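Notes for the structure review
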Amino acid sequence: MASLTLSIDGMSCASCASRVERTLSRLQGVSDVAVNLVGESVRLTYEAPAGIETVIRSLEQAGYPARSAAVTLQVQGMHCASCTGRVERVLARVPGVLDASANLAGETAHVRYLEGQVGAEQLAEIVSRAGFPAELDADAYGVAAAADRKDAEAEDLRRQTLVAGALALPVFLLEMGGHMVPGVHKLIAETIGHQWSWYLQFALTSLVLFGPGRRFYAKGFPALLRGAPDMNSLVALGTTAAYGFSVVATFFPEWLPEGTRAVYFEAAAVIVVLILLGRWLEARAKGRTGHAIRKLMGLQARTARVQRDDGFEYIPIERILVGDTIQVRPGERIAVDGEVLEGTSHVDESMLTGEPIPVEKAEGDAIVSGTVNGSGALTFRATRVGRDTVLAQIIRMVEQAQAAKLPIQGLVDRITLWFVPVVLGFAMLTVLAWLVLGPTPALTHALVAGVAVLIIACPCAMGLATPTSIMVGTGRAAELGVLFRKGDALQRLQDVGVVALDKTGTITEGRPVLTDMVVADGWNRAEVLRLVAAVEARSEHPVARAILAAHGGGDLPAAQGFASETGFGVRADVDSHAVSVGAERMMTQAGISFDALAGVAKDWAGDGKTTVFVAVDGHPVAVAAVSDPIKKGSRDAVIALHDLGLSVAMISGDSRAAANAIARDLGIDHVIAEVLPDGKVAAIDALRQNGSGVAFVGDGINDAPALARSDVGIAIGTGTDVAIESADVVLMTGDLRGVVNAFDISQRTMRNIRQNLFWAFGYNTALIPVAAGVLYPAFGMQLSPALAAGAMALSSVFVLSNALRLRYVKPAVATGSPADAKILKNVSPQELAA
């Protein structure tokens, strides 16, 4: 099976998205179809007999072609026809490449590929790996970028709206001016005359409809003829009806019944203007929904100082290859992931970890793209470039989450699939009802009501309600350090009643530290620690590392005759002293009594700490306690989860005493201790028995099965790759307070979606009958088609504006991350107030 992501042309409303999904789902071998209306893309999985060609052909036949883009690569190392043939074959094998042709003379390769499935920089990297160093043309990179396309689309719609508005304004004033300013109609009659006024309206309206408004007819009528009407079909039918009736009334009045002659040029023109205005505002708002992605992309360096034959030179990051040697100067942003070869510096990784303190980097340390170098200079080797860098993977996670379809969207899809055909039928019934039952002139009333129904019922707001909230919500979550790898986790978090936490590395730091030491009378703590550290320097045990860390380094005396006894401890001779360090049973075996310090040791054991006994020359000298400290923020996280009405459990392989001690300290509700790695899945199932969903938070390889088994798996971003791949949500830091932010952003996003859906469905439910004329018999009110167009456009703008409020969500629990402070600092007071 293979996955495919495509950018789709022509999707303008929810019914379009539904038809794309239905078209693809019908194909044998195609599954997991997820259509993103806001992102104008579709993601699917396919296997034989389906193929890319089948998918592309089906989309074209349905009237929603997949977008393709072209790029020219500058290719080095082609010396003969076999070289060009190899380059072409390498490119042709890339999923998503439609055709490729290499030019030996020009040393170029022209590639046409599917947007969304593969990128231009990825193609260059593939050709380079095949032995032909390739790079993009200077102006080729980013030509087909989604953000640029949306900006261009918004600018084009702005121009079209202004042109249409300028042409429609005289039409509106000529026909409706008399309703606003008394005497206008009389003035027109006495100057150019009403007939010439209609001729002028006809000319200007024709320019509006066949100029800026042409897009509605080019897409709407073909969709109608295919039996798959969409929003464009409704606009095309409505404006054509108004325009056609007006043309007949202007040039062939004898074809109309007596008393029905009237023109509605202003309705057709104003409808086009208002819907174009709505589309323009939508395009601008859609561009803002990708704000988080663009912000993440803004963290990417554009160039890097890379070693080439004649020294170091700045080149675009697209030309960097794995293995290249790169220099980064003080204050520069690191371009790709790598390993330090030379130099020392402190690197600001707050954009990844949220930690405000820069991390020291020296030879052998890993560095990641997007982070900022401090005051030192570093030389490093590129280990991951292009789509493989950590930053690129984060961007990809956010994109995938934004393209997700929540379960709540299923109802919307089922409704919108039949919505447009039902509206068409209702509009026909409305026209027939007015023709049969309406007052004189019945034809005029029937036309106005039918057009108003067609225009006001466009299901744009329905289709935008869910995906816009998902895009903005998951984007803001990423800025707060919460990555939704699977977008549907946004909704599934709402069904969670129990949050189960792994202990080691999740609640605690995952590394033991020396917390306490009591020495016998006559001994100095520093001296004892020096002797113990000298012995433990020969050991690999975690307790040994904790003691060495507590000593703080420096010169240690040599340890002679080192011996280790598993389960007991270690011993060696240091400075002519026989030093033994270990468990109480080691001292009992040696006949050394610690009665004077037994009480302290017993208290520590009750708190779940590991007690270490120290003897020198056969005499009891000290007892020390080693424990895995609780992470900063874990206590606040448990309190906040309780405030959200959630129960908190802890799953640990440690002893029950140690686990209970931590649970008492943090206020954890349930403790499942002494669990073997393969027992965590059973623990998850046991917690789920009360009927509520379970979210599991972990970080290690042994947590992966539990992360996959839980209803929502949340991985600590500082953990292993295996754990992260098994999770639904990833916290970019090791701070448990990020779990609270994940639940909060989920709650806010789902509330925002429900608000949008209530508005979208409520709007159509209330206004379609009004447009049909249900208020006319009682109040003499009939909705103008122009007002219907304005209401329809405002409905979509309302949904988008409501979703954009999620951009300004503040973290539920502050994690002390400077990254978020930077984000908020860039928001104006007016935006925060909004």
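Residues numbered from 1 in each chain as written. Predicted model: local features only at pLDDT ≥ 70, side-chain atom pairs only at ≥ 80, totals over all residues. Heavy atoms only, no water.

**Some remarks on the overall build of the protein chain**
Across its full length, the protein chain carries 32 helices and 29 strands. For the protein chain, buried positions account for 52% of its 834 residues. By sequence separation, contacts in the protein chain at least 24 residues apart represent 68% of the contacts at least 6 residues apart. As displayed, the protein chain has an accessible area near 36,000 Å², and 56% of this comes from carbon and sulfur atoms. (Helix = DSSP H or I, 4+ residues; strand = E, 2+ residues; numbered from the N terminus. Buried < 20%, exposed > 50% of the residue type's maximum accessible area, 1.4 Å probe, protein only. Contact = heavy atoms within 4.5 Å. Areas by Shrake-Rupley, 256 points an atom, 1.4 Å probe, with all protein chains shown as cover.)

**Digging into the nonpolar core**
Counting residues in hydrophobic clusters, the biggest one holds 137 residues, and the most contacted among them are Leu 6 and Leu 24. Ranked by residues supplied to this core, first place goes to helix α28 (residues 737-772) with 13 residues. In contact with Leu 6, other than residues within four places in its own chain, are Glu 40, Ser 41, Val 42, Val 55, Ile 56, Leu 59, Ala 66, Leu 114 and Glu 115. (Core = buried A, V, L, I, M, F, W, Y, C linked by side-chain atoms within 4.5 Å.)

**Re the packing of aromatic side chains**
Enumeration according to the criterion identifies 12 aromatic pairs in this entry. Their ring planes at 20° and their centres at 5.6 Å tell us that Tyr 199 and Phe 251 sit as a pair that is stacked. One end of the pair, Tyr 199, is in helix α7 (residues 194-210); the other, Phe 251, is in helix α9 (residues 231-251), with 52 residues separating them in the sequence. Between the aromatic rings of Tyr 217 and Phe 221, the centroid separation amounts to 6.0 Å while the plane-to-plane angle is 20°, which identifies the pairing as stacked. Taken together, the positions of Tyr 217 and Phe 221, both in helix α8 (residues 214-225) and 4 residues apart, correspond to about one turn of that helix. For Tyr 217, a relative accessible area of 13% corresponds to the buried category. Every member of this aromatic cluster is reached through a ring pair, and the members are Trp 196, Tyr 199, Phe 202, Phe 210, Tyr 243, Phe 251 and Phe 265. (Phe/Tyr/Trp six-rings, centres within 6.5 Å; stacked < 30°, edge-to-face > 60°.)

**Some details on the sheet that holds strand β14 (residues 366-367)**
The strand order across the open sheet formed by 6 strands is β9-β8-β10-β16-β11-β14, and the pairing between neighbours is antiparallel. Edge strands, defined here as strands with exactly one partner in the open sheet, are β9 (311-316) and β14. Examined bridge by bridge, strand β8 (residues 303-308) and strand β10 (residues 325-328) share 2 bridges and lie antiparallel to one another. When the bridges of β10 are listed, Arg 305 appears paired with Gln 327. (Pairing = 2+ DSSP bridges.)

**Structural notes on the UniProt feature "transmembrane region" (unreviewed entry) in the protein chain**
Taken from the UniProt record, the annotation "transmembrane region" (unreviewed entry) applies to residues 162-184, 196-213, 234-256, 262-281, 415-437, 443-466, 757-779 and 785-804. Measuring from the first to the last C-alpha atom of residues 196-213 gives 24 Å, for a span that is 83% helix and 0% strand. Note that residues 757-779 is 87% helix and 0% strand, and that its end C-alpha atoms are spaced 30 Å apart. (UniProt positions renumbered as here; feature names shortened; annotations may be inferred.)

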